[in-house]
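Structure assessment
Each chain is listed here by its residues.
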Amino acid sequence: MRHTRLRPERRRTPTGERDFRRLWAGDAVSQLGSQITLFALPYTAVSVLHAPGGQLGLLQALYTLPFLLVPLPVGLWLDHRPLRGVLIAVHLCCALLVLSVPLASAAGTLGLAQLHLVAALGGAATVTAEIAMFALLPRLVAADRLAWANSRLNAGLAVAVTAGPGLAVWLTTLLGAPNALLADCLTYLFCAGALGRITHRQPSRPVRRDGGRLRPELTAGLRVVLGYAPLRRIAVHAALFNACAQAVNVALVVHLVRDQHLGGLYGVVLVCGGLGGTAGALLAPPLIRRLGHGRAALAAATVAAPAFWLVPAADGTRATVLAVSSAGLCAGSAGAGALGVVSTTVRHLASPPALHARVSAAFRLVSFALVPVGALAGGLLVDGLGARATLWAAPAAMMTALLPLLTRPVRALHHVERQDRRAQHGLPGPGVTASRPPG
């Protein structure tokens, strides 16, 4: 008699999760390329075009300005467009945009005006792509897998932030600053190809206007963010935390490079921060399962804020300063990474599918509103009080930013019901506010 060996049935990956993995792979590679451009573009302005400091400031301002101007109109537009097609088109346009710099450099026609245009259009494209990606995500994975999916996306970003600057320095040294942008062009093309393999399709929908007015449609995402108490408090905390983080970023390089004389070892501290962000993003899903959404956000923020105090507290030999500062940035970034996953998951669950892009845009607008203020305040504090004093003050302000998360709507938020597809407009429905204390 022949004995037939039974093969175990292979577990089939749901189509949506296969699509998500394509989205994740494309985004991770694209984020790595973006880190190259964020380094190579201002480096080109300084080393090739000999731009003064004011022009560098204008370059950064033009890149960040779309973060405040673009989200609301783009969110409305994206909620009525096929997101996959928009993402592919945006990445192809970005590939052409960064390719224009090495081509112009080779032709001898590169100027500051072109770099400013690339920065402004690149900032607008970045905002559009991020809003579209996070609006597409809930269509690809089930509600109980949103925390896992957001964790993977944030981990990919953290890895890119960790590895990107080193790769950018190597490519700039090897190829020259303008030609280093060719690598980013290739990453955009890879991302467009990965997005093209996504099988999910979504038809366009006409914009519905309330009584012929566009304003209710434009502000629908803001009404969700501001009308749902836990999400509103998380957004307020994010705005305050991001402003303080900008002040930390400004003071960190001055303190470690100029005052503590770490020189190139400053890069080691940044790598540790990136590793912490990756770990925090990966640990967020089990933290949510154990504590619930609200207390997970509070726990992550409570770890992040005081950890940054280790940087100004570090003293002694260079090795001691390096080790303690690296530990502080690692722990602080871990808390911030976990908090980012929690807030994104709550935002996805608490918004109707028809408003995902607008809610993502509104949350981004609120959470980034104070970033320019934080960067400016950090620079003024460094000039007036010194870098070490600024690094003591900024985490102290982060601690006060915990107050919105200490309120009952956040602490009692254990589970958020995913919104029904019938909820198309305005404030969240009754299911959004359903929460129970952890038991």
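So, how was this worked out
- Residues numbered from 1 in each chain as written.
- Predicted model: local features only at pLDDT ≥ 70, side-chain atom pairs only at ≥ 80, totals over all residues.
- Heavy atoms only, no water.
- UniProt positions renumbered as here; feature names shortened; annotations may be inferred.
- Helix = DSSP H or I, 4+ residues; strand = E, 2+ residues; numbered from the N terminus.
- Expected span 1.5 Å × (residues − 1).
- Salt bridge = Lys/Arg side-chain N within 4 Å of Asp/Glu carboxyl O.
- Buried < 20%, exposed > 50% of the residue type's maximum accessible area, 1.4 Å probe, protein only.
- Contact = heavy atoms within 4.5 Å.
- Phe/Tyr/Trp six-rings, centres within 6.5 Å; stacked < 30°, edge-to-face > 60°.
- Lys NZ or Arg CZ within 6 Å of the ring centre and 35° of its normal.

Under an unreviewed UniProt entry, the name given to the protein chain is MFS transporter, and the organism recorded is Streptomyces bangladeshensis. Heading Subcellular location (unreviewed entry) of the UniProt record for the protein chain holds this comment: "Cell membrane".

To continue, consider helix H5 (residues 83-107). With 25 residues, H5 ought to run about 36 Å at 1.5 Å a step, and its terminal C-alpha atoms sit 36 Å apart, in line with that. Looking at the residues trailing H5, positive phi occurs at Gly 108, about 80 degrees.

The subject of this paragraph is the pattern of salt bridges. In the structure shown here, the tally under the stated rule is 3 salt bridges. A salt bridge links Arg 358 to Asp 79, with the shortest nitrogen-to-oxygen separation between them at 2.7 Å. Taken together, the positions of Arg 358 in helix H16 (residues 356-368) and Asp 79 in the loop between helix H4 (71-78) and H5 put the pair 279 residues apart, joining distant regions of the chain. Asp 79 shares its class with Arg 358; the two are buried.

With that out of the way, let us pick up the environment of Phe 368. Here Phe 368 is to be found in helix H16. Taking the C-alpha atoms as reference points, Phe 368 and Leu 68, separated by 300 residues in sequence, lie 7.3 Å from one another. Apart from residues no more than four positions distant in its own chain, Phe 368 is found in contact with Phe 67 and Leu 68.

What the rule picks out here adds up to 3 aromatic pairs. When the ring of Phe 20 is compared with that of Trp 148, the centres are 5.1 Å apart and the planes differ by 55 degrees; the resulting orientation is tilted. A residue pair is termed long-range when its members are at least 10 positions apart, and Phe 20 in helix H1 (residues 15-47) and Trp 148 in helix H7 (residues 146-175) qualify at 128 residues. Classification of Trp 148 as buried rests on a relative accessible area of 15%. Between Tyr 63 and Phe 67 the ring centres are 5.5 Å apart and the planes differ by 65 degrees, which places this aromatic pair in the edge-to-face class. A network of ring pairs unites the aromatic residues Tyr 63, Phe 67 and Phe 368 as a single cluster. Geometry around Trp 148 places Arg 145 over its ring, the cationic atom sitting 4.2 Å from the centre. Here the guanidinium or amino end of Arg 347 rests over the ring plane of Phe 134, the centre of that ring lying 5.8 Å away.

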